[in-house]
Amino acid sequence: MVSENFIQNGLFSQGLPTYSNDTPYIQDILATICMASKSLDTYPHINQIPPITIVEKELLRP
Amino acid sequence: MTKLAMMTATELAPLIQSKQLSPVELTEHILQRIEKMDPLLKTYITPTPENALQQAQQIEKEIMKGDYKGPLHGIPIGIKDNYNTKNVRTTVGSKLFRDFIPKENATTVDKLLDAGTIVLGKQNMHEFAAGSTGTNPFYGTTRKPWNIHYMPGGSSGGGTAALAAGLSTLATGTDTFGSIRQPAAICGVYGLKPTYGLVSTHGIFPTAWSLDTAGPMARSVSDLAIMLDYMAGYDSRDPASLKITPPKYSTNLDREMKNLKIGIPTYYLEGLEADVEKIFFLALRTLQQLGAEIYEINIPELEMSTYSAYSIVTSEASTVHYDWLQQYPEDYSQDIRTFFLSGTLLPPSYYIEAQQARRVMVNALKPIFNQVDVLLAPTIPYTTPAFQEQWVTQNLNVVKHSMPFTSPINLTGVPSLATPMGRDQNGLPVGMQWIGSHLSEKLLLQIGKAWEDTIPLHNTLEGT
C-alpha cells in the first residue's frame, strides 16, 4: 500500500490539492497499478522494446 | 407513435426519401419524448430543440425539392458532449467547462451535419469521459431506461440510454478504455470502437491521446455502418489520423456465420459473473448451430492490459488537466479528481513501460488473425449494477472491473463491435464484443449484422 505521506507530499510538492478524503481513493488506484505491474514480470526484456509513441513522420520532414 | 421513435435510420431513410415521412414530424416527435422523459432519464446535458426544428424544416425543403443527400438526411442524432459544436455549449460533462461555447465543430460533427443529420442536442456523459457509471453530480445522473435504479454505463451513457429510450435515432460516442462498448452492452444497443486513427478526433476533448477513438452508436448494425461511412476518413488536423480511403461500410452487409472461425481468448473467460458466463456460452452454442467454428486462443500478453491502461490513461489525462487541477480542484468530482491525481504520482518509467507493453500486445495479437477471422468476448465481466449511494467508490470499482475487458482493444488499436448477447436474471441486457484485426470494420459489421438477425436480446436464462 502506498503511504498517505507519499501521496500528500507528492501532491503538495506539485502544487496539487491534498484533500485528506481523496487519499484512500488515490491509494486504491495506485495499489491497483502496483498489483497489475506484476504482469510485466513474465517479460523481463520489456525495457529493450521501443515504446509505442505518436511520431508524425510528416511533421519531421523538411 | 413509440414505434417511430424506436425505428432505425435504415428503416426511416426510405420513408424520408420517398416523402412518406416528414423530417419535421419525426424530429418533433422525438423532441416531445425528450421533453417528457428526459427530466428523469437525464440523457441530454444541453438539448437544442429550436436548432433541431430549424434544421428539420430546412432539410424538409431540400428533400421536397428533390435534393436528397443519402441515408442520414433528415435523421435525428445526439452528439456526446465532448464533441465540439459551434455556438452550442460543450461541457465535456464537467463543471469546469459549464460555459464553454466552441467556435467550430469537431470534424466528425461537420461530417454528420454535411450528411444531413438533425442534431437534437448534446448528450450526457461521465465527466471528462473518464468514468464508467454515468453518474454526473453537475448535470444529473443518466438512468438506465430498462430500470432507472440501474446505471447506464459510461462514459457515453447519455447516448446509449437515449438510444434505448427512443430519445435519439443515432448517437456519437468516444472510447478510450471502453466508453462506447460498456454502456452499449449495459443499455442493449450497438456500438463500434473503430481502429485507432480511422475516425478523426479533431475537436473532441482528449481523455488520453494515445488511446482515444470516436465512433458510432445505434440501435442496429446497419445504422452503425451508415454512420461510419460518413465518420471515417483522413483528417490532416488529427495527428493520429490514418491516410487511407475507407471502404463503403454499409453495402454488402449480408454474410453467413457458416465456416467463420471465431477465437475465444481464454484471458476473457476469467472472472466472469455467473450470468455473463452462462449467456456467453449460450451465444457460442447459437453460433456453432449457425455453422461457426469456435477455437479457444491463449494470448497471455493481454494480462498486461490493466497495468498499461491505468498507467497511460492516468498519466496522459493528468497532463491534460494538470493546470486546472492546481487552480480549480473543486470543479472536479471526487472520482475523476482522484483518478487524474493518481497519474501525477506515477514515475515516468511506468508510462514508458506501459507503451512498451502495448507493442508486445500488438505483436502478440496480429498473428492470431491468421488463425481465426475474429475474436469474441464478453464486453464486461459483470451484469449491470444498481446505483449505490457511495458513487465515488462505485465508479472507481466499475472502472477497475471493466478495464481488463475493454482496454486491450484500445491498447492494441484494433476495432471492436459491441452487440447485445442476451439478458440476465433481472431481465437486463448483457453484451459481447467482436474483435477484429486493424481496419477490419467491414468484416465486423457483416458478422455483427448476422448476429443481430438472431435477435440476441431474446436470449434469456430461462430454462438453462
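What you see is a predicted model, and the numbers here were worked out from it, not measured in a lab. Counting restarts for each chain: residues are numbered from 1 in the order of the written sequence. Each chain takes a letter, starting from A, and each ligand takes a number, starting from 1, following the order in which they are written. The predicted origin of the model limits local features to residues at a pLDDT of at least 70 and limits the giving and counting of side-chain atom pairs to 80 or more, whereas totals for whole chains, interfaces and linings rest on all residues.

Quick look at the overall build of chain A now. Strands are runs of DSSP state E lasting at least two residues, helices are runs of H or I lasting at least four, and both sets are numbered from the N terminus onward. For chain A, the helix and strand inventory stands at two helices and zero strands. Here the radius of gyration uses the C-alpha set of atoms, whereas the globule reference equals 2.2 Å times the residue count to the power 0.38. Computed over C-alpha atoms, the radius of gyration of chain A comes to 18 Å, more than 25% over the 11 Å expected from 2.2 N^0.38 for 62 residues, which places it beyond the range of a compact globule. Labels follow a simple rule on C-beta atoms placed from the backbone: if 20 or more others lie within 10 Å of a residue's own, it is buried; if 12 or fewer, it is exposed; otherwise it is partly exposed. Counting every position in chain A, which comprises 62 residues, the buried fraction comes to 18%.

What follows deals with the overall build of chain B. Tallying secondary structure elements over chain B gives 15 helices and 11 strands in all. Over its C-alpha trace chain B gives a radius of gyration of 21 Å, about what one expects of a compact globule, namely 23 Å for 464 residues. With the C-alpha coordinates of chain B rotated into their principal frame, the extents come out at 60 × 60 × 45 Å. By residue count, 59% of the 464 residues in chain B fall in the buried class. Long-range pairs, those at least 24 residues apart, make up 79% of the contacts in chain B between residues at least 6 apart in sequence. Two residues form a contact once the distance between their C-beta atoms, set from the backbone, is within 7 Å.

Bringing the domain arrangement of chain B into the picture now. Residues and elements named next belong to chain B. Boundaries between domains were set according to an automatic or database domain assignment. Taken domain by domain, chain B comprises domain 1 (2-231) and domain 2 (261-458). Here the C-alpha centre of domain 2 lies 22 Å away from the C-alpha centre of domain 1. Counting residues at the interface gives 48 residues for domain 1, matched by 51 residues for domain 2. Breaking the side of domain 1 that touches domain 2 down by element, the ones donating at least two residues are helix H7 (181-187), strand E5 (190-193) and helix H8 (221-231). Looking at the side of domain 1 that touches domain 2 element by element, the count peaks at six residues for H7. Any residue outside Ala, Val, Leu, Ile, Met, Phe, Trp, Tyr, Cys, Pro, Asp, Glu, Lys and Arg is labelled polar, Gly included; the first ten of those are nonpolar and the last four are charged. Counted by class, the side of domain 1 that touches domain 2 contains 26 nonpolar, 16 polar and six charged residues.

Counting from both sides, the interface comprises 29 residues of chain A and, opposite them, 31 residues of chain B. Listed by contribution, the elements that provide at least two residues to the side of chain A that touches chain B are helix H1 (4-13) and helix H2 (23-36) of chain A. A per-element tally of the side of chain A that touches chain B places H2 of chain A first, with eight residues. Broken down by class, the residue content of the side of chain A that touches chain B amounts to 18 nonpolar, eight polar and three charged.

Where burial is concerned, most of helix H6 (residues 157-165) of chain B is hidden: nine out of the nine residues are buried. When H6 of chain B is considered as a whole, its buried residues turn out to be Gly157, Gly158, Gly159, Thr160, Ala161, Ala162, Leu163, Ala164 and Ala165 of chain B.

So, on to the packing of helix H10 (residues 305-327) of chain B against helix H11 (residues 334-344) of chain B. Residue and element names in this part refer to chain B. Between N-to-C directions, angles cover 0 to 180 degrees, with each direction set by a line fitted to C-alpha atoms, over the stretch in contact for helices. Direction vectors running N to C along H10 and H11 enclose 105°, while the axes themselves pass 8 Å from each other. It follows that H10 is roughly perpendicular to H11 by the angle criterion. Together, Thr314, Ser315, Ala317, Ser318, His321 and Leu325 of H10 and Phe339, Phe340, Leu341, Ser342, Gly343 and Thr344 of H11 make up the contact between the two elements. The class makeup of the residues in the contact of H10 with H11 is five nonpolar, seven polar and no charged. Each angle is binned into one of four classes, with values under 35 degrees roughly parallel, values over 145 roughly antiparallel, values of 65 to 115 roughly perpendicular, and all other values oblique.

Attention now goes to the sheet that holds strand E7 (residues 261-265) of chain B. Residue and element names in this part refer to chain B. Reading across the sheet, the 11 strands line up as E1-E3-E2-E4-E6-E5-E10-E11-E9-E7-E8 and stay open at both edges, with mixed pairing between neighbours. Both outer strands of the open sheet, strand E1 (44-47) and strand E8 (293-297), are each paired with one neighbouring strand and no more. Taken over all neighbouring pairs, the strand axes of this sheet differ in orientation by 30° on average, direction set aside. Only strands that DSSP links by at least two bridges are regarded as paired with each other. Pairing of strand E2 (residues 76-80) with strand E3 (residues 118-123) involves five bridges; the strand directions are parallel.

Next up on the list: the nonpolar core. Residues and elements named next belong to chain B. A set of buried residues qualifies as a nonpolar core if it consists of Ala, Val, Leu, Ile, Met, Phe, Trp, Tyr and Cys joined through C-beta atoms within 7 Å. Within the largest apolar cluster, 135 residues are counted, with the highest numbers of intra-cluster contacts made by Ile77 and Leu224. Taken together, domain 1 (2-231) and domain 2 (261-458) each give at least three residues to this core, which thus spans both. The contacts of Ile77, once residues within four sequence positions are left out, are Leu112, Thr117, Ile118, Val119, Leu120, Ser168, Thr169, Leu170 and Ala171.

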